Amino acid sequence: LRFVAPGRVYRHDLSPRHSPMFHQIEGFLVHERVSFGDLKGILHAFARHLMGDSVEVRFRANHFPFTEPSAEMDFRLESGGWLEWGGCGMIHPRVLERCGIDPRRWQGFAFGMGIDRTALLRFGVPALRVFFENDVRVLEQF
């Protein structure tokens, strides 16, 4: 089982640095022989495809309720800092079990990556808010 799908995400967040709505690419893969190493390799290849061969990424341990182990994936910025790109991890065996999949035979991984932040980095957009200002001239630049 596998899929990759874009979608809109809504969150309750009172931080002025976060939008209550953003766009994300979500995906998962369930197979008899899949590992966290496969997940990292696929996401790193995806990052290289989008951002170029010299892109530097890192994985940091984190917690998400439906994956174990879980991680955040970050991009290295030209300034030297890091920008969170999204979360990922191995699908928790109980999630598989609840879906009628035998977790002793099958395992899987899942991820969710921000499309808005990716576009910001890839196309040099100065701020995420320009995507939501309804100015078609912004889109015509890209």
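See the structure printed just above.
Computed from a prediction, not measured in an experiment: that's the story for all the values here. (Residues numbered from 1 in each chain as written. Predicted model: local features only at pLDDT ≥ 70, side-chain atom pairs only at ≥ 80, totals over all residues. Heavy atoms only, no water.)

**Describing the environment of Leu96**
Here comes step 1: Within the secondary structure layout, Leu96 lies in helix H2 (residues 93–98).
Here comes step 2: Note: C-alpha distance between Leu96 and Val34 (62 residues apart in sequence) is 14 Å.
Here comes step 3: Not counting the four nearest positions on each side in its chain, Leu96 is found in contact with Val30, Ile91, Ile101, Pro103, Trp106, Gln107 and Gly108. (Helix = DSSP H or I, 4+ residues; strand = E, 2+ residues; numbered from the N terminus. Contact = heavy atoms within 4.5 Å.)

**What to know about the pattern of salt bridges**
Here comes step 1: Applying the stated rule across the entire model yields 5 salt bridges.
Here comes step 2: Across the salt bridge formed by Asp74 and Arg58, the nearest N and O atoms sit 2.7 Å from each other. Separated by 16 residues along the polypeptide, Asp74 in strand E4 (residues 67–76) and Arg58 in strand E3 (residues 57–64) bring together distant segments of the chain.
Here comes step 3: With relative accessibility at 2%, the residue Asp74 sits in the buried group.
Here comes step 4: One network of salt bridges, with partners in common, ties together Arg58, Arg60 and Asp74. (Salt bridge = Lys/Arg side-chain N within 4 Å of Asp/Glu carboxyl O. Buried < 20%, exposed > 50% of the residue type's maximum accessible area, 1.4 Å probe, protein only.)

**Looking at unusual backbone geometry**
Here comes step 1: Residue Pro69 is bonded to the preceding Glu68 through a cis peptide linkage, with omega at 0 degrees.
Here comes step 2: Following the sequence through the fold, Pro69 ends up in strand E4.

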